[in-house]
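For reference, the chains in residue letters:
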Amino acid sequence: LMRPVTFQVSGLCGELSGVNLETWASVSPVVVVRNWLNFATLDHTTTSWAVIADSGARLASGQLTLPVIPAGSSRELTWAAHLPDLQKLATATVAAAAVASDCTGGTELASSGQSQATAGIAPLRGWYLELRTTMVDSTSWCNAGHEMASTQIPLPVPAGGFAMTLAVPRLIPSALPPLRVLDAGDQLLQVQC
């Protein structure tokens, strides 16, 4: 079964595959959107995007507004005009993870407007751009929201990786009290200090 739309990001495939996050903006990345339909534009679909960490956390998301793309043709969309600044997103995500790892930072993070999805979950080794195209309206063969295409594209990482300096809480006691484990019945164990 062929997908009616495909996406490719220049600078991540082929000749520029060695790009890291620091040189990302200099390649002027574009998203190439290809309409594989024979007789229709993609006006009956909607496309959402998300930047997802390898941990599964959704770091940012939104709607990708596609121009009219005639049947059998493609269009290039500049990254900067349609998708988030990856350098800023990487910095903010790693900073949020560092704050959340500190025992005192969790409440400050929630009150600062940071989304709960990114709280404490930064990419470990990589992150991905996920693009999903769905039907806007119901048709005789599918309901509105039916997924027509989905793509995950690896994104460039910082040259040194996603280095995080995590604060180690100083609340760990030098000696732990003895533990008692009791059988509470019904296949439950009770642990007491």
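For the structure itself, look to the data block above.
Below is a short write-up of the structure. (Residues numbered from 1 in each chain as written. Predicted model: local features only at pLDDT ≥ 70, side-chain atom pairs only at ≥ 80, totals over all residues. Heavy atoms only, no water.)

Regarding the sheet that holds strand 4 (residues 58–64)
Move 1: Reading across the sheet, the four strands line up as 4-3-6-7 and stay open at both edges, with antiparallel pairing between neighbours. With one partner strand each, in any of the chains shown, strand 4 and strand 7 (147–154) form the two edges of the open sheet. Strand-to-strand twist of the sheet, defined as the mean angle between neighbouring strand axes without regard to direction, takes the value 15°. (Pairing = 2+ DSSP bridges. Helix = DSSP H or I, 4+ residues; strand = E, 2+ residues; numbered from the N terminus. Axes fitted to C-alpha atoms, helices over the stretch in contact; angles between N-to-C directions.)

A short note on the nonpolar core
If you look at soluble globular proteins, the nonpolar side chains tend to sit buried side by side.
Move 1: Of all hydrophobic cores here, the largest spans 28 residues; its most connected members are Val31, Val33, Trp49, Trp79, Trp127 and Leu129.
Move 2: Secondary structure elements with two or more residues in this core: strand 1 (5–9), helix 1 (21–24), strand 2 (30–35), strand 3 (45–53), strand 4, helix 3 (86–101), strand 6 (127–135) and strand 7. (Core = buried A, V, L, I, M, F, W, Y, C linked by side-chain atoms within 4.5 Å. Buried < 20%, exposed > 50% of the residue type's maximum accessible area, 1.4 Å probe, protein only.)

Here we look at the sheet that holds strand 2
Move 1: On the basis of which strands lie adjacent, the open sheet formed by three strands has the order 1-2-5 and antiparallel pairing. Each end of this open sheet is capped by a strand with a single partner; those strands are strand 1 and strand 5 (74–78). Strand after strand, the sheet turns through a mean of 20° between neighbouring axes, direction not considered.

Topic: the pairing of strand 2
Move 1: Inspection of the sheet shows strand 1 paired to strand 2 by five bridges, in the antiparallel sense. By the bridge assignment, phenylalanine 7 is partnered in strand 2 with valine 33.
Move 2: The pairing of strand 2 with strand 5 spans five bridges and is classified as antiparallel. Within strand 5, the position partnered with valine 33 by the bridge is arginine 75.

Focus on the side chain of asparagine 35
Move 1: Within the fold, asparagine 35 resides in strand 2.
Move 2: The exposure class of asparagine 35 is buried, given its relative accessible area of 0%.
Move 3: In terms of polar contacts, asparagine 35 uses its side chain to reach the backbone carbonyl oxygen of proline 70, at 3.3 Å.
Move 4: Setting aside residues no more than four positions away along its own chain, asparagine 35 makes contact with Pro4, Ala40, Thr41, Leu42, Ile69, Pro70, Ala71, Gly72 and Ser73. (Polar contact = N/O pair within 3.5 Å; in protein donor to acceptor, adjacent residues only side chain to side chain. Contact = heavy atoms within 4.5 Å.)

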